[in-house]
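Geometric and topological summary
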Amino acid sequence: MKVDQIWQTAVVLGAQWGDEGKGKVVDVLGESLDCAARFQGGNNAGHTVVINGQTHKLNLLPSALFHPNCNIVLCNGMVIDPSVLIEEIERVGSSNLTHRLFISDRAHVILPFHIAKDKALDALGKKSQLAAGSTHRGIGPVYADKMARLGIRMIDLLDEPILEQKLRFLFDLYTKELKYVFGLDFDLDFATLKAELLSYGSTLAPNIVDTTFLLRSALNSGQQILFEGAQGAMLDVDFGLYPYSTSSNTGLAAIGTGTGLPPWKIDRVIGVIKAYLSRVGDGYLPTELLDPVGNTIREYGQEYGTTTGRPRRIGWLDLVQLRHATALNGFTRLAITKLDILTWFKEIKVCVAYKVGSQIIDHFPAKLSTYHQCEPVYKTFPGWPDLSAALHANDLPDQLLKFVNFIKQELGVPIELLSVGADREQTIIVSP
Ligand code: IMP
């Protein structure tokens, strides 16, 4: 397996609803990397990497961290729960990680009251069918505070007087809001919370830096950098299925605001597509499979949330959504994952357009009541046999090639790699 790495900078982005298998793609592309960076989201993400049969689950750290010479950067666009980060660093147990981990001083901090509000809002939203079904990690409230200019940043954990001032303001605000709006008694003591935050700060202090300088100098000195997206295009807060989305921009554009580098510095934009569709959380899915086929895919594919353990909803691949993702991000390469999960199905379907009443549309509508009426128009493909012996592109069955070539043609983007199993080795690099 040899990856074509004629790029200096690349970004790996989810083209669907998250959980496309980005972690594996990053890991495979990571062989010669100098630097891997995450630029948005927080521990709502869950990335699984399998190396030599051993499964590693990550929420905040980029998946390329298992390459021991690769610097790991958590950029300013991320939102970080410091207790989760410290636990993850310990759990991963990579001996030299603390010497090559860089955390942006400008990244925002998730606090316990963000999590309490996230849960309370989700419960309320569910009653009016407006909740995205959040991961309860505090993501919506922390990004809302960032935009309202109320947030606490990683650097504040190293600056006691500023932390005292900002935390006091937020603490009083949230205590009132949780009590009088949501009817919750928030029993955290100010002094205890402040002491905890200062202690996280002192643990992480050696790693908190201005990551924009670090990335600029890595770029200028010719280092190879991979940016790792979290979630996926359909969860983008502007262009996804709002309000059933996450609270950050999940695409190429977020590289600019999320890292401090101009997005045009990115040489390669890799869209990761799972061979079918899955999502955790709420909101209409035109191709959803609420039948034994969906259940079989869920079981074969072990489609349970990495972060929350929730069973994922399953559907056929949706090209309307993939065209939207491709147009938004300008993918220059595709990676198609989990092709092995569709092995032995008699037929495999791909949604090519939506039918709304008597009209056929090929784009993703912003109007929710139109989207709710969208029925999938399918093209059917024959299933393919076992892929366990497939090591090279010419080992792949014709039926599978027909399926992947159709996606390539429809999206007008060459394919970079095909994943035919969970392990790093079960990856076929395709020459475009
Ligand atoms: P939040 O990001 O926790 O606020 O959740 C908002 C929506 O995004 C929910 O439907 C979540 O299930 C979904 N979501 C957030 N992060 C991920 C992810 O990494 N993979 C898949 N879905 C996600």
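Everything that follows concerns the structure shown earlier in this document.
I will try to describe carefully the structure that is included in this document.

**Regarding the sheet that holds strand β15 (residues 333-337)**
The mixed open sheet is built from 10 strands, whose spatial order is β9-β7-β5-β2-β10-β1-β11-β15-β19-β20. The open sheet has two free edges, formed respectively by β9 (208-209) and β20 (427-429), since each of these has just one partner strand. The sheet contacts of helix α1 (residues 22-29) involve β1 (9-14), β10 (225-228), β11 (268-274), β15, β19 (415-419) and β20, and relative to β1 the element is tilted by about 160°.

**Some details on the side chain of Lys194**
In this structure, Lys194 sits in helix α6 (residues 190-204). Ignoring anything within four residues of it in the chain, the contact list for Lys194 reads Glu160, Leu163, Glu164 and Leu167.

**Here's the deal with the side chain of Asn44**
Within the secondary structure layout, Asn44 lies in the loop between β2 (35-38) and β3 (47-51). Side chain to side chain, Asn44 and Thr246 meet in a polar contact 3.4 Å long.

**Quick word on the site of the ligand**
In the vicinity of the ligand, 19 residues are found, and the nearest of them are Asn44, Ala132, Thr135, Thr246 and Arg279. Asn44 is positioned with one of its side-chain polar atoms (N or O) 2.9 Å from an oxygen atom of the ligand. Measuring from an oxygen atom of the ligand, one finds a side-chain N or O atom of Arg310 at 3.0 Å. For the ligand, whose unbound accessible area comes to 460 Å², protein coverage reaches 97%. Partitioned by chemical class, the residues of the shell around the ligand number six nonpolar, 10 polar and three charged.

**Some points on the packing of aromatic side chains**
The full count for this structure, using the stated rule, is 11 aromatic pairs. Consider the rings of Phe171 and Phe190, whose centres lie 5.5 Å apart with planes at 80°: the pair is edge-to-face. A residue pair is termed long-range when its members are at least 10 positions apart, and Phe171 in helix α5 (residues 160-181) and Phe190 in helix α6 qualify at 19 residues. The same class applies to Phe171 as to Phe190, namely buried. Both rings, one in Phe381 and one in Phe403, keep their centres 5.8 Å apart while their planes meet at 90°; by these two values the pair is edge-to-face. Within this pair, whereas Phe381 is found in strand β18 (residues 375-382), its partner Phe403 is found in helix α12 (residues 398-411), the two being separated by 22 residues in sequence. Phe381 sits in the buried class, given a relative accessible area of 5%.

**Describing the pattern of salt bridges**
Tallying each qualifying case throughout the model produces 18 salt bridges. Residue Glu160 pairs with Lys194 through a salt bridge whose shortest N-O separation is 2.4 Å. Placement of Glu160 in helix α5 and of Lys194 in helix α6 is noted, with a sequence separation of 34 residues between them. Its relative accessible area of 12% is what places Lys194 among the buried residues. It is possible to trace a salt-bridge network through shared partners that takes in Asp19, Lys274, Glu303, Arg312 and Lys338.

**Here we look at the environment of Asp189**
For Asp189, the location among the structural elements is in the loop between α5 and α6. Sequence-wise, Asp189 and Gly258 are 69 residues apart; in three dimensions their C-alpha atoms are separated by 33 Å.

**Observations concerning the nonpolar core**
Membership of the largest hydrophobic core comes to 57 residues, with the highest contact counts inside it found for Val11, Phe227, Ile297, Leu339 and Phe403. Examining the composition of this core, we find that six residues originate from one element, α12, more than from any other. Those residues in contact with Phe403, other than ones at most four positions away along the chain, are Ala275, Leu317, Leu339, Ile348, Val350, Phe381 and Trp384. With 55 residues, the next largest nonpolar core counts Ala116, Tyr174, Phe190 and Ala335 among its residues.

**Brief notes about unusual backbone geometry**
A negative phi holds for most residues other than glycine; trans holds for most peptide bonds. A cis amide bond, omega 5°, links Tyr242 with the succeeding residue Pro243. Following the sequence through the fold, Pro243 ends up in the loop between β10 and α8 (254-259). In the Ramachandran plot, Gln129 falls in the positive-phi region, its phi being about 55° despite a non-glycine side chain. Along the chain, the position of Gln129 falls in the loop between α3 (112-127) and α4 (139-147). Given the relative accessible area of 64%, Gln129 is considered exposed.

**Some thoughts on helix α2 (residues 82-92)**
Within the span of α2, buried status applies to Pro82, Leu85, Ile86, Glu88, Ile89 and Val92. Each buried residue of α2 sits inside an arc of 160° when the element is viewed along its axis, so together they form one side. Those residues of α2 that are buried are in contact with β4 (54-58), β5 (71-74), β6 (79-80), β7 (101-104), β8 (108-109) and α6. Within two residues after α2, Gly93 carries a phi angle of roughly 60°, on the positive side.

**Structural notes on the environment of Arg312**
Residue position: Arg312 is located in the loop between α9 (292-300) and β13 (313-315). Residue Arg312 is classed as buried on the basis of its relative accessible area of 6%. In this structure, the C-alpha to C-alpha distance between Arg312 and Ala36, residues 276 residues apart in sequence, is 28 Å. Residues within four places of Arg312 in sequence aside, it is in contact with Asp19, Lys274, Ser278, Arg279, Val280, Arg298, Gln302, Glu303, Tyr304, Gly305 and Thr306. Side-chain polar atoms of Arg312 contact the side chain of Asp19, separated by 3.4 Å.

**Concerning the packing of α3 against α5**
Two elements in contact, α3 and α5, have axes whose closest approach is 10 Å; the angle formed by their N-to-C orientations is 25°. When the axes of α3 and α5 are compared, the pair comes out roughly parallel. Considering the relative orientation of α3 and α5, their crossing is left-handed. Counted together, Phe113, His114, Ala116 and Lys117 of α3 and Leu167, Leu170, Phe171, Tyr174, Glu177 and Leu178 of α5 form the full contact between these two elements. Its residues assigned to classes, the contact of α3 with α5 comprises seven nonpolar, one polar and two charged.

What counts and what doesn't
Residues numbered from 1 in each chain as written. Predicted model: local features only at pLDDT ≥ 70, side-chain atom pairs only at ≥ 80, totals over all residues. Heavy atoms only, no water. Pairing = 2+ DSSP bridges. Helix = DSSP H or I, 4+ residues; strand = E, 2+ residues; numbered from the N terminus. Contact = heavy atoms within 4.5 Å. Axes fitted to C-alpha atoms, helices over the stretch in contact; angles between N-to-C directions. Polar contact = N/O pair within 3.5 Å; in protein donor to acceptor, adjacent residues only side chain to side chain. Near = heavy atom within 4 Å. Areas by Shrake-Rupley, 256 points an atom, 1.4 Å probe, with all protein chains shown as cover. Nonpolar A, V, L, I, M, F, W, Y, C, P; charged D, E, K, R; others polar. Phe/Tyr/Trp six-rings, centres within 6.5 Å; stacked < 30°, edge-to-face > 60°. Buried < 20%, exposed > 50% of the residue type's maximum accessible area, 1.4 Å probe, protein only. Salt bridge = Lys/Arg side-chain N within 4 Å of Asp/Glu carboxyl O. Core = buried A, V, L, I, M, F, W, Y, C linked by side-chain atoms within 4.5 Å. Arc of directions from axis to C-beta. Parallel < 35°, antiparallel > 145°, perpendicular 65-115°, else oblique. Left-handed = near helix turned anticlockwise from the far one by under 90°.

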